[in-house]
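The lines below spell out each chain.
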Amino acid sequence: MGSAAAKMTWANSEVIKKGPCLSYEQKCNLVQPVTDQEILNAVKNMPHDKAPGVDRFIQWVMECITSVCYSLVLNRGLTKPFQGRREIRLGDPISPYFFVIAMKYLQRELNIAAIDKQFKFHPRCKKLGMMHICFADDLLILCKADVYSIKLLQEAFHRFSFASGFQANTDKSSIYMSGVNDSLKLEILNTLGFCEGHLPFKYLGVPLSSKKLTIAECLPLVEKITDKIKCWSAKLLSHAGRLQLIKSVVFGIQIYWAQIFLLPKSEKNCSPRAVGGQNVMNLENWNRAAIVKQLWTIFEKKDCFLVKCVTPQS
């Protein structure tokens, strides 16, 4: 708006003082830290056309949980919807979102426990600040074998259980310790009330071990494939039909393990028919290719959280 002045003068402070000014008490209130209650009040007072607000969001969630209804496919048509007695089921498409919200609350409870200066992280997790690993309903909570740290985690989990209703299944829960003397081990077991587990243990369907898997540890995979083949023996399938099932179904069963572990060899069946084989895909080569892919991920994706977990921290 026009040209700049050649010389700028300061505003007259006397003119400013004649206007409305803040009192000392009002100035002190402005520099005070914002409380959680003030934040909650601000969110609740937001107009509904701007954001749903806390109460409206809770209302939406409860509406999703309590108004579940189902229909059955009968005679190529859907039956009338009927109310579910057990409300939302585990396989419902929206249930993972609610589970993520609950696990986020658990993460915050554990982070609060970690603020305590006497809390001790697991030696391999301290620089990452990692305290737990969660996938679906499989939960690993990690810390150093210290009674005070374990009590902090136990209290945090109890607060989470009280708020969410989730309870730890003592029959399916175990505690794993290494390099701990017997007296400390007994004290920790008495504190938690869980039984002691031993490595390797199964997590997400596969055994966790720092060493190469033994034949006994691969038996669950072998039994799973064997049970599948036994179901086919009663069916009127030709040799070629069974071979096709092996190529498709059995390969799909072992594909998960093959991307994690080096599996035993299977040479003859993978050979061409001209030399007496069954012309099945060479699982040994596929297994090695899948493992090399994991090595490529470790070298190329150093910022990935899982890569940081398995690589030494400087």
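Residues numbered from 1 in each chain as written. Predicted model: local features only at pLDDT ≥ 70, side-chain atom pairs only at ≥ 80, totals over all residues. Heavy atoms only, no water.

1. Thoughts on the nonpolar core
Condition: Only buried residues count toward a nonpolar core, which is a set of Ala, Val, Leu, Ile, Met, Phe, Trp, Tyr and Cys residues joined through side-chain atoms within 4.5 Å. Only protein chains enter the calculation, and the probe is 1.4 Å; a residue is then buried if its accessible area is under 20% of its type maximum, exposed if over 50%, and partly exposed in between. Helix numbering and strand numbering both begin at the N terminus, where a helix is a DSSP run of H or I of at least 4 residues and a strand a DSSP run of E of at least 2. By definition, residues are in contact when any of their heavy atoms lie within 4.5 Å.
By size, the foremost hydrophobic cluster in this structure holds 20 residues, and its most contacted members are Leu106, Leu110, Phe119, Leu153, Phe160, Met177 and Ile188. For this core, the secondary-structure elements that each account for two or more residues are helix 5 (95-115), helix 6 (147-164) and helix 7 (182-192). Ranked by residues supplied to this core, first place goes to helix 6 with seven residues. For Phe160, the residues in contact, after removing those within four places along its chain, are Ala102, Met103, Tyr105, Leu106, Gly165 and Phe166. Cys218, Ile253, Trp257 and Ala258 belong to the second largest nonpolar core, which has 11 residues in total.

2. Some points on helix 7
Applied cut-off: What the arc measures is the spread of directions leading from the helix axis to the C-beta atoms.
Burial in helix 7 covers these residues: Lys185, Ile188 and Leu189. The buried residues of helix 7 all sit within an arc of 100° when viewed along its axis, so they share a single face. Of the residues in helix 7, the exposed ones pointing more than 90 degrees away from the buried face are Ser183, Leu186 and Asn190. For helix 7, the secondary structure elements touched by its buried residues are helix 6, strand 7 (174-175) and strand 8 (195-196).

3. Let's talk about the packing of aromatic side chains
Where we set the bar: Pairing of aromatic rings covers Phe, Tyr and the six-membered ring of Trp, with a centre-to-centre limit of 6.5 Å; geometry is then stacked below 30 degrees between planes, edge-to-face above 60, and tilted otherwise.
Evaluation of the coordinates by the stated rule reveals three aromatic pairs. Geometrically, the ring pair formed by Phe119 and Phe121 is edge-to-face, given 5.1 Å between the ring centres and 85° between the ring planes. Assessed through its relative accessible area of 7%, Phe119 is described here as buried.

4. Observations concerning the pattern of salt bridges
Worth spelling out the cut-off: Here, a salt bridge means any Lys or Arg side-chain nitrogen found within 4 Å of an Asp or Glu carboxyl oxygen.
The full count for this structure, using the stated rule, is two salt bridges. With its nearest N and O atoms 3.3 Å apart, the salt bridge here joins Lys185 to Glu196. Highlighted residues: Lys185 in helix 7 and Glu196 in strand 8, separated in sequence by 11 residues.

5. What about the packing of helix 5 against helix 6?
Just so we agree on the cut-off: Geometry is summarised by axes, namely lines fitted to C-alpha atoms with helices restricted to the contacting stretch, and by angles between N-to-C directions that run from 0 to 180 degrees. These descriptions rest on fixed angle ranges, namely under 35 degrees for roughly parallel, over 145 for roughly antiparallel, 65 to 115 for roughly perpendicular, and the rest for oblique. Left-handed describes a crossing whose near helix is turned anticlockwise from the far helix by less than a right angle; the clockwise case is right-handed. Any residue that is not Ala, Val, Leu, Ile, Met, Phe, Trp, Tyr, Cys, Pro, Asp, Glu, Lys or Arg is counted as polar, Gly included; the first ten are nonpolar and the last four charged.
At a minimum axis separation of 9 Å, helix 5 and helix 6 run at an interaxial angle of 150°. Between helix 5 and helix 6, the crossing angle belongs to the class labelled roughly antiparallel. Once helix 5 is placed against helix 6, the crossing between them reads as right-handed. Residues Ala102, Met103, Tyr105, Leu106, Glu109, Leu110 and Ala113 of helix 5 lie in contact with helix 6, whose contacting residues are Leu152, Leu153, Ala156, Phe157, Arg159, Phe160 and Ala163. When its residues are assigned to classes, the contact of helix 5 with helix 6 shows 12 nonpolar, no polar and two charged.

6. Describing the packing of helix 9 (residues 239-258) against helix 10 (residues 283-300)
Two quantities define a packed helix pair, namely the angle between the axes and the distance from one axis to the other. Look at helix 9 against helix 10: their axes get within 10 Å of each other, and the N-to-C directions meet at 40°. Judged by the sense of rotation from one axis to the other, the crossing of helix 9 with helix 10 is right-handed. Only Leu283, Trp286, Asn287, Ala290 and Ile291 of helix 10 make contact with helix 9, whose side of the interface consists of Phe251, Gln254, Ile255 and Ala258. Along the lines of polarity and charge, the residues of the contact of helix 9 with helix 10 split into seven nonpolar, two polar and no charged.

7. Some words on helix 6
Worth spelling out the cut-off: Under the convention used throughout, the expected extent of a helix is 1.5 Å for every residue step, that is, one less than its residue count.
In a regular helix each residue adds 1.5 Å, so 18 residues correspond to 26 Å; helix 6 covers 25 Å between its end C-alpha atoms and thus fits that length. Listed in full, the buried residues belonging to helix 6 are Val147, Ser149, Ile150, Leu152, Leu153, Gln154, Ala156, Phe157, Phe160 and Ser161. If you follow the buried residues of helix 6, they end up packed against helix 5, strand 6 (138-141) and helix 7. Gly165 sits one or two positions beyond helix 6 and adopts a positive phi of about 90°.

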